[in-house]
Amino acid sequence: MKIFSRKIPSPELNEEQKQKLLKTEEYQEKEQTSPFRYLTLDLPAAPLYKDELEHNIIPQVPLSSLLAKFNGSTEKEYKGKRDSTMKRFLLTKLPSYLIFYIKRFTTNLFYTEKNPTIVNFPVKNIDLSDCLPPGSDQVDTCYDLIANVVHDGDPNAGKGSYRVHILHQGSNQWYEMQDLHVVDILPQMITLSEAYIQIWALRKSEKPAKNGAKASEQATKMETN
């Protein structure tokens with residue numbers, strides 16, 4: 001993964017001071033390459049108010065919007081004690097498996113809060129080609145979901161529970177597991193859950209050229225015999 005970062009001056013400075021700092025080496029954009037074990041997806045802030053019927057508003061966001069963080073052009077601000085840094089991320093290569101960590105929990109001095117936003121995603125064929133550099137030679141860019149971890153209830157210590165959805169690839173059947181309870185589940189129901197951690201498998205394209213060559217060789221042998 002490539003990470004592009006640049007410091008931004010404090011908003012308390014006047015415009016002349018800001019422009020002076022932006023010309024220094026410290027405030028120029030820097031590029032580094034870093035390995036990663038999982039991708040952190042940031043949810044938009046949950047609404048603070050209820051709707052007209054006094055019901056809590058549960059927002060929804062498409063997975064593609066969260067993945068835009070890694071397209072190399074979307075910037076995200078990371079605030080520090082003195083300065084803030086703007087960062088952009090770009091994947092250089094797609095691995096065989098991807099882990100998405102959906103950042104639902106924020107902790108302050110008193111308690112932990114949970115963002116209830118529902119992430120809309122397909123269980124098959126998400127395309128991450130937009131997260132690769134232009135002109136990338138990677139052929140396979142689509143992923144299928146194979147595992148989905150869900151958190152239910154209160155996020156504070158000792159409360160709440162976890163469920164996991166697992167795809168049995170031999171039968172193409174989805175199962176929901178919680179403790180010792182295992183039941184089958186429709187894939188459409190998985191997308192309605194508060195997904196927390198997901199594992200995606202790269203969909204590898206078939207290589208017809210090799211298969212065609214083998215078939216040609218077998219046909220030649222049959223004709224020879």
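What this report covers is the structure whose coordinates are included nearby. (Residues numbered from 1 in each chain as written. Predicted model: local features only at pLDDT ≥ 70, side-chain atom pairs only at ≥ 80, totals over all residues. Heavy atoms only, no water.)

### Overview of the overall build of the protein
Helix and strand content of the protein: 4 helices and 16 strands. Taking the intrachain contacts of the protein between residues at least 6 apart in sequence as the baseline, contacts between residues at least 24 apart amount to 63%. Accessible area for the protein stands at about 15,400 Å²; split by element, carbon and sulfur atoms hold 53% of it. (Helix = DSSP H or I, 4+ residues; strand = E, 2+ residues; numbered from the N terminus. Contact = heavy atoms within 4.5 Å. Areas by Shrake-Rupley, 256 points an atom, 1.4 Å probe, with all protein chains shown as cover.)

### Some thoughts on the pattern of salt bridges
Tallied over the full model, the rule gives 10 salt bridges. The closest approach of N and O atoms between Lys 2 and Glu 31, which form a salt bridge, is 3.7 Å. Of this pair, Lys 2 sits in strand S1 (residues 2-8) while Glu 31 sits in strand S2 (residues 30-33), placing them 29 residues apart in sequence. Put simply, Arg 163 and Glu 176 hold a salt bridge, and the shortest N to O gap is 2.8 Å. Taken together, the residues Arg 163 in strand S13 (residues 161-168) and Glu 176 in strand S14 (residues 173-178) connect sequence positions 13 residues apart. A single burial state applies to Arg 163 and to Glu 176, both of which are buried. Where salt bridges share partners, they join Asp 42, Lys 69 and Lys 76 into one cluster. (Salt bridge = Lys/Arg side-chain N within 4 Å of Asp/Glu carboxyl O. Buried < 20%, exposed > 50% of the residue type's maximum accessible area, 1.4 Å probe, protein only.)

### Points about the sheet that holds S1
As summarised here, the arrangement of the 4 strands in space is S2-S1-S6-S5, forming an open sheet in which the pairing is antiparallel. The sheet terminates laterally at S2 and strand S5 (76-79), the two strands that pair on one side only. Here the strands of the sheet are splayed against their neighbours by 30° on average, with no regard to which way each runs. (Pairing = 2+ DSSP bridges. Axes fitted to C-alpha atoms, helices over the stretch in contact; angles between N-to-C directions.)

### Here we look at the nonpolar core
Leu 63, Leu 91, Phe 100, Phe 121, Leu 128 and Trp 200 are the most contacted members of the largest nonpolar core, which totals 34 residues. Taken together, the elements giving at least two residues each to this core come down to strand S3 (39-42), helix H2 (63-67), strand S7 (97-103), strand S12 (142-152) and strand S16 (195-202). A total of 4 residues in this core trace back to one element, the largest contributor, which is S16. Leaving out residues up to four positions away in the same chain, Leu 128 has contacts with Leu 67, Leu 91, Leu 94, Leu 98, Thr 141 and Tyr 143. (Core = buried A, V, L, I, M, F, W, Y, C linked by side-chain atoms within 4.5 Å.)

### What about the packing of aromatic side chains?
This model, assessed by the stated rule, comprises 8 aromatic pairs. Ring centres 5.9 Å apart and planes at 55° place the aromatic pair Phe 70 and Phe 89 in the tilted group. Residue Phe 70 is located in the loop between H2 and S5, and its partner Phe 89 is located in strand S6 (residues 84-90); the two are separated by 19 residues in the primary sequence. Of the residues examined, Phe 70 reaches a relative accessible area of 3% and is grouped as buried. When the centroid spacing of 5.1 Å and the interplanar angle of 75° are considered together, the rings of Phe 105 and Tyr 196 count as edge-to-face. Here Tyr 196 lies in strand S16 and Phe 105 lies in strand S8 (residues 105-107), a separation of 91 residues in the sequence. Here the two residues Phe 105 and Tyr 196 agree in accessibility, since each one is buried. Each member of the aromatic cluster is reached from another via a ring pair, and the members are Tyr 38, Tyr 101, Phe 105, Tyr 162 and Tyr 196. (Phe/Tyr/Trp six-rings, centres within 6.5 Å; stacked < 30°, edge-to-face > 60°.)

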